[in-house]
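# Topology and contacts: notes
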Amino acid sequence: QLTATVLPEDADNKEVLWTSSNESVARVSSNGLVTAVGEGSATITATTTDGGFTATCAVTVLRKSVNVTGISLNITNMTVKIGGYAQLVAQVLPENADNKAVTWKSSNENVASVSSAGLVTAKNAGITAITATTVDGTKIATCAVTVEREPWSWTNIGTFTMFTIITNRTVLSVYGKITITLPQGLTINQYATLVNPSLDAEIQISSLGNNRWLIELKKKGGSSLRSATADGEQMKIIDIVLDVDASVADGDYEVTVSDMELAFDDGVTIAELEFPVTVNVNRSITGILNAAVPQIYASVQNGVLKIAGLSADDLFSVYSISGQLVYKNKAKMSEAYVNLSARGVYIIATGKERIKVVW
């Protein structure tokens, strides 16, 4: 409300006319009431009918502020593998809010961190909460994050035992190192411990003393032989095969994997300070002979696999421990010979029997 004061106080005609220079911004009534119409500037003028004297008022109309009323995230609960990433996206309401800025925070940076853009990086196994908070109104939304280690597995092979480190990503090469601490009576079999042959990597094993072993994976610089796997499909990185001394009883034993630092060609890394792996020793399965059906025997000398105990026309197959078919044929006599290209654990399969041999 504008009020005009006309001088002198005893003037005969004190009538005033009101006008606006921009009625799309502000209008003024005949008694000086200003109504804001749109954003911008206008000048309200009061003019006396007697003498045409004027007075003005500059009016600025601002856009009405729109405050934040809420926030939500595209994901509220997720599981990520160590070294993995996940993108969180915050939706701030209403859509036309003036200040849609958001800050991000992790309740446990040791488990997973989050960038200013909502990119979550999984670091170590555990649980954390990622919180997005609006700058305007301090509205919050939270995502529960569980970080898991890369999966591993173990397999009985009689007087040998082994465990496998696996990744859920599609990769072509891997390099880095792993330290293994073994209980007494278990040692790494340096010939049978193998990196996935489809990866562009080679393995080097060295003893650190006190039953500690360093396994190094190095890039070969060649091309991968593996086709791309489907998303989420598990892929073997390395089989770690252990020799079992005769003094070790059957049962479960704990192996400590520590100082793991692996890097993949997709830019992802796995870093683990320490975690236990349980391996099993079970001599009811021999490394050379299936005792339940003692018919087929196998041995390796100078890279040649000898299979004995066959019958003519028996169909037999030789597989690597990773399941890759190495050789398949029909026996022509009681013995068959297969040239092996690399050291490792092999499975010989006939119609009813499965035996394993290590070279």
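As shown above, the structure is provided for reference.
A brief look at the structure comes next. These numbers come from a predicted model, not from an experiment.

Thresholds, definitions, all that
Think of each chain on its own: its residues are numbered from 1, step by step along the sequence as written. The predicted origin of the model limits local features to residues at a pLDDT of at least 70 and limits the giving and counting of side-chain atom pairs to 80 or more, whereas totals for whole chains, interfaces and linings rest on all residues. Computation of side-chain values covers all heavy atoms of the structure but excludes hydrogens and water. Buried Ala, Val, Leu, Ile, Met, Phe, Trp, Tyr and Cys residues form a nonpolar core when they are joined through side-chain atoms within 4.5 Å. Buried, partly exposed and exposed residues are distinguished by accessible area as a fraction of the type maximum, computed with a 1.4 Å probe on protein chains only: under 20%, between the cut-offs, and over 50%, respectively. Contacts are residue-level and defined by heavy atoms, with any inter-residue pair within 4.5 Å sufficient. In this scheme, patches are assembled from residues that exceed 30% relative accessible area and form no salt bridge. Like charges are connected within 9 Å, while nonpolar side chains (Val, Leu, Ile, Met, Phe, Trp, Tyr) are connected within 5 Å. Computed with a 1.4 Å probe, the accessible areas rest on the Shrake-Rupley method; for each residue, only the protein chains presented here act as cover. Any Lys or Arg side-chain nitrogen located within 4 Å of an Asp or Glu carboxyl oxygen qualifies as a salt bridge. Under this rule, positive means Lys or Arg and negative means Asp or Glu; His and the chain ends count for nothing. The atom standing in for a charge is NZ when the residue is Lys, CZ when it is Arg, CG when it is Asp and CD when it is Glu. Helix and strand definitions follow DSSP, with helices as H or I runs of at least four residues and strands as E runs of at least two, each counted in order from the N terminus. Two strands qualify as a pair provided that DSSP identifies no fewer than 2 bridges between them. Think of each axis as a best-fit line through the C-alpha atoms, taken over the contacting stretch in the case of a helix, with angles from 0 to 180 degrees between the N-to-C directions.

The next subject is the nonpolar core. A general feature of soluble globular proteins is that nonpolar side chains tend to end up buried together. Core analysis: the largest hydrophobic core is formed by 51 residues, its most contacted members being Ile180, Ile188 and Leu262. Residues within four places of Leu262 in sequence aside, it is in contact with Val174, Tyr175, Gly176, Lys177, Ile178, Leu217, Ile237, Val268, Thr269 and Ile270. By size, the runner-up hydrophobic cluster in this structure holds 16 residues, among which are Leu305, Val318, Val338 and Ile348.

The next subject is a negative patch on the surface. On the surface, Glu254, Asp259, Glu261 and Glu274 cluster together into a patch of negative charge. Take the negative patch: its biggest share by element is three residues, from strand S23 (residues 251–264). Looking at where Glu261 falls in the secondary structure, it is placed in strand S23. For Glu261, a relative accessible area of 46% corresponds to the partly exposed category.

Before going further, it helps to examine the sheet that holds strand S10 (residues 102–106). The strand order S7-S14-S13-S10 describes an open sheet built from four strands, whose pairing is mixed. What marks the edges here is a single partner per strand, and that holds for strand S7 (77–81) and S10. Neighbour to neighbour, the strand axes of the sheet diverge by 25° on average, direction disregarded. Note: S10 against strand S13 (residues 126–134), five bridges, orientation antiparallel.

Now for the pattern of salt bridges. Inspection of the entire model under this criterion finds five salt bridges. As a salt-bridge pair, Lys14 and Glu9 come within 3.8 Å of each other at their nearest N and O atoms.

Turning our attention to the sheet that holds strand S12 (residues 119–122). Spatially, the three strands line up as an open sheet ordered S8-S12-S11, and their pairing is antiparallel. Two strands lie at the open edges of the sheet, namely strand S8 (85–87) and strand S11 (112–114), each paired on one side alone. Put simply, the sheet's adjacent strands are angled 20° from each other on average, direction ignored.

The next point concerns the pairing of strand S4 (residues 40–48). Of the strand pairs in this sheet, strand S1 (residues 16–20) and S4 are connected by five bridges, and their pairing is antiparallel. The residue bridging Trp18 from the neighbouring strand is Ala46, located in S4. Relative to strand S5 (residues 54–61), S4 runs antiparallel, the two being bridged by eight bridges. What sits directly across from Ser41, in S5, is Thr60.

In short, shape yes, function no, at least from these values alone.
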